[in-house]
Amino acid sequence: MKAWTVKFNSYNQRDYCETVSGKDEKEARKNAMKIVNRHDDRDTIAWIKEDVEANRW
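Residues numbered from 1 in each chain as written. Predicted model: local features only at pLDDT ≥ 70, side-chain atom pairs only at ≥ 80, totals over all residues. Heavy atoms only, no water.

Draft legend 1. Structural detail: the packing of aromatic side chains. Considering all chains together, one arrives at 1 aromatic pair under this definition. Between Phe8 and Tyr16, the aromatic rings sit 4.9 Å apart at their centres with planes inclined by 20°, giving stacked as the arrangement. Judged by its relative accessible area of 0%, Phe8 is buried. For Tyr16, a relative accessible area of 13% corresponds to the buried category. The ring of Trp47 has Lys49 lying over it, and the distance from NZ or CZ to the ring centre is 4.5 Å. (Phe/Tyr/Trp six-rings, centres within 6.5 Å; stacked < 30°, edge-to-face > 60°. Buried < 20%, exposed > 50% of the residue type's maximum accessible area, 1.4 Å probe, protein only. Lys NZ or Arg CZ within 6 Å of the ring centre and 35° of its normal.)

Draft legend 2. Spotlight on a positive patch on the surface. A cluster of basic side chains, namely Lys23, Lys26, Lys30 and Lys34, defines a positive patch on the protein surface. Looking at the element boundaries, Lys30 is found in helix α1 (residues 25-39). Residue Lys30 is classed as exposed on the basis of its relative accessible area of 52%. (Patch = residues over 30% accessible without salt bridge, like charges linked within 9 Å, V, L, I, M, F, W, Y side chains within 5 Å. Areas by Shrake-Rupley, 256 points an atom, 1.4 Å probe, with all protein chains shown as cover. Salt bridge = Lys/Arg side-chain N within 4 Å of Asp/Glu carboxyl O. Lys, Arg positive; Asp, Glu negative; His and termini not counted. Charge placed at Lys NZ, Arg CZ, Asp CG, Glu CD. Helix = DSSP H or I, 4+ residues; strand = E, 2+ residues; numbered from the N terminus.)

Draft legend 3. Spotlight on the sheet that holds strand β1 (residues 2-9). Taken together, 3 strands build an open sheet; the order of strands is β2-β1-β3 and the sheet is antiparallel. In this open sheet, the two strands that pair with only one neighbour each are β2 (16-22) and β3 (44-50). Here the average twist between neighbouring strands, direction ignored, is 30°. Here 6 bridges tie β1 to β3, and the two strands are oriented antiparallel to one another. Paired with Asn9 across the bridge in β3 is Thr44. Strands in contact with α1 are β1, β2 and β3; relative to β2, the strand with the most contacts, it is inclined by about 135°. (Pairing = 2+ DSSP bridges. Axes fitted to C-alpha atoms, helices over the stretch in contact; angles between N-to-C directions. Contact = heavy atoms within 4.5 Å.)

None of the figures reported here should be taken as evidence of function without further support.
Pasting the structure below:
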């Protein structure tokens with residue numbers, strides 16, 4: 001598993017970032033969508049980047 005940083009464009013508040021896990025970007029995107037459902041269904045993913053610093057450990 002790798003750590004991924006995901007930036008969300010928020011529909012009705014400030015944009016926010018979350019860290020999710022996944023073996024690849026596709027799985028990380030799927031896990032990130034679970035976070036969107038917790039916040040607001042209208043939020044969208046701006047970008048996903050591998051969290052190199054967290055993966056070093």
